[in-house]
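Now for the letters of each chain:
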Amino acid sequence: MAAKARIAYTFIGDSASAITSSNTGTTVLPASNVITDQIQKVWRTDNATNPKWIMFNLGSAQAITVVAIFNHTVPNCTVTIKADSSNGAWGAGTIIDTFTWQAYQMVKFIASTNLQWWRIEFGTTSNFDVGRIILDGYTEFTTNPTESYRKQRIDPSLSDGPFGAQVPSLQRRPYWTMEFALTWISATFHDTLIPIYDT
């Protein structure tokens, strides 16, 4: 059976009460950068510690089903997802899963795990950058899109004159939208999609 489309949109990790890391120095590229919308604003590691790690205190137990890392320069190494009810020893018993390493982005779907403390460990002495980390619960479509989707780049920047003219302008970050059709969906799934659409 073909895999169904999945969407994560609440970004539970972005509400973490604290984000800490294995960094030892003061840096202008801190761990908290991984929850900003600016994916080029990275967390940069700063020492030869192995493993390096980044940790999220979600404030209370939260059900997580997907962990994703984007815009990274992590070398090919073991990247481990751990979780616990407290900030303890982080031994083997806290291992939830490991990523399959790939360049630029890594996404891991996991069994629903309801815990407060989440930690990602990188088994390397090399330093690297990470632009975005998402911890969330995903919604799985009961049916996949039945029509070809349309992807469109939106640039909300404002300008008072023609292109190339020296006029006042307000530059804003471009973003992408996607449109697709779903047919013959149940009323229950329709009701599931409404808060996603409204977010």
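Residues numbered from 1 in each chain as written. Predicted model: local features only at pLDDT ≥ 70, side-chain atom pairs only at ≥ 80, totals over all residues. Heavy atoms only, no water.

1. Some details on the side chain of N33
By secondary structure assignment, the location of N33 is in the loop between β2 (18-21) and β3 (43-44). Among the polar contacts listed, one links the side chain of N33 to the backbone oxygen of V42, at a separation of 2.8 Å. Apart from residues no more than four positions distant in its own chain, N33 is found in contact with V28, K41, V42, W43 and G131. (Helix = DSSP H or I, 4+ residues; strand = E, 2+ residues; numbered from the N terminus. Polar contact = N/O pair within 3.5 Å; in protein donor to acceptor, adjacent residues only side chain to side chain. Contact = heavy atoms within 4.5 Å.)

2. Digging into unusual backbone geometry
Geometrically, the link from N50 to P51 is a cis peptide bond, its omega value of 5° lying close to zero. The topology assignment puts P51 in the loop between β3 and β4 (52-72). Backbone geometry places F11, a non-glycine residue, at a positive phi of 50°. Note that F11 resides in the loop between β1 (6-7) and β2.

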